[in-house]
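Coordinate analysis (summary)
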Amino acid sequence: MKIIADSSSTRTEWAIIDNGKIVEHAFTSGLNPYFHTRREISHVIRLELPEMFFRRRWEHVFFYGAGCANPEKNKIIESSLIAQFKTPTTVESDLLGAARGLLVDRSGLACILSTGANSCMYNGREITRNVRPGGFILGDEGSNSYLGKTLVADIVKGIAPMEIASLFFRRFNTNVDEIMNLVYSHPHANRTLADYSFFLADHLDNEYIYKIVYDGFIKFFERNLIFYDYKAMPVSFVGKTGTTYREILAKAAADFGITIDKVVPDSMPGLIEYHTLH
């Protein structure tokens, strides 16, 4: 029996699996070694997971997480997991988790569209090429944080239509000064911007709102997928942004000349299949 964990900066999905079947399933807060200390990570694991996860020693723990592409940072997660589970542990990036979750043993292009955005070329086992995502300040095009940032920037500058700005202020009970303070003083501003992006989903019938989402996906293609041979292999997406705006994503992809293989909300089903085979 194995434990598989798939973590973003906001939420971690956990599963105990046995012969390809889920024995126990749970969610905790997100665990990112750039934002959390070893002590904080251990605290979340011990207090937020059901007792079932600690009743025995497991065959292996496989953890895929945001911020886990650096060996030094991975050690923070790994040491916490080993301390809590007393089990051999492997820590990998959320991007490898997305690739294995989307493609399992097939080769292709795997993309994350969630709070952040990322992409890679995958050969059926490992990542062979990755265009740096840049984070929510320098990149993350097409992600919830990027879409939220685009909307809020237009509202702050008075570019957004007045009726949209008014609806936004009422929805979040805020104003420009509070927005500026929250974005620039909040330790996890990308999450704040991602939260703001959910306003878009309720107003897609508005031409201005639709264009923000469509243009965000086009930017993702122009600044990320253009550097891969995207016309020669399947392109798949995982994450809430892609599934929330599935129809707009499909339209933008078709206009860009991209054929989408699949769009799924999370990586766990594919990761279970992968670690059952391996």
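Structural notes, computed from the coordinates. (Residues numbered from 1 in each chain as written. Predicted model: local features only at pLDDT ≥ 70, side-chain atom pairs only at ≥ 80, totals over all residues. Heavy atoms only, no water.)

1. Brief notes about the pairing of strand β6 (residues 108-113)
In terms of residue burial, β6 counts as a mostly covered element, since six of its six residues are buried. Across six bridges, the pairing between β6 and strand β7 (residues 117-122) is antiparallel. Across the sheet, the residue bridging to A110 is C120, located in β7. Count of turn residues in the β6/β7 antiparallel hairpin: three residues. Where β6 and strand β9 (residues 235-238) come together, four bridges link them in parallel fashion. Its bridge partner lying in β9, A110 is registered against S236. (Buried < 20%, exposed > 50% of the residue type's maximum accessible area, 1.4 Å probe, protein only. Helix = DSSP H or I, 4+ residues; strand = E, 2+ residues; numbered from the N terminus. Pairing = 2+ DSSP bridges.)

2. Examining the packing of helix α5 (residues 144-157) against helix α6 (residues 162-172)
Viewed as axis vectors pointing N to C, α5 and α6 meet at an angle of 110 degrees, and their least axial separation amounts to 10 Å. It follows that α5 is roughly perpendicular to α6 by the angle criterion. Judged by residue contacts, L151, V152 and I155 of α5 engage I164, A165, F168 and F169 from α6. Residues that form the contact of α5 with α6 fall into these classes: seven nonpolar, no polar and no charged. (Axes fitted to C-alpha atoms, helices over the stretch in contact; angles between N-to-C directions. Parallel < 35°, antiparallel > 145°, perpendicular 65-115°, else oblique. Contact = heavy atoms within 4.5 Å. Nonpolar A, V, L, I, M, F, W, Y, C, P; charged D, E, K, R; others polar.)

3. Quick word on the environment of K2
Residue position: K2 is located in strand β1 (residues 2-7). The buried category is assigned to K2, whose relative accessible area is 12%. Residue contacts for K2: discarding those within four places in its chain leaves A15, I16, I17, E59, H60, F62, H275 and H278.

4. Here's the deal with helix α8 (residues 189-201)
All of the buried residues along α8 are A189, N190, T192, L193, A194, Y196, S197, F199 and L200. Contact partners of the buried residues in α8: α4 (135-138), α5, α6, α7 (176-185) and α9 (207-223).

5. A closer look at the nonpolar core
Counting residues in hydrophobic clusters, the biggest one holds 42 residues, and the most contacted among them are L151, F217, F221 and F237. At the level of secondary structure, the elements contributing two or more residues to this core comprise β6, α5, α6, α7, α8, α9, β9 and α11 (246-256). Among the elements that line this core, the one with the most residues is α9, at nine residues. If near-sequence neighbours (up to four positions away) are discounted, F221 is found in contact with I226, F237, L249, A252, A253, F256 and I258. If you look at the next biggest cluster of nonpolar residues, it comprises 21 residues, including A15, A99, C120 and Y274. (Core = buried A, V, L, I, M, F, W, Y, C linked by side-chain atoms within 4.5 Å.)

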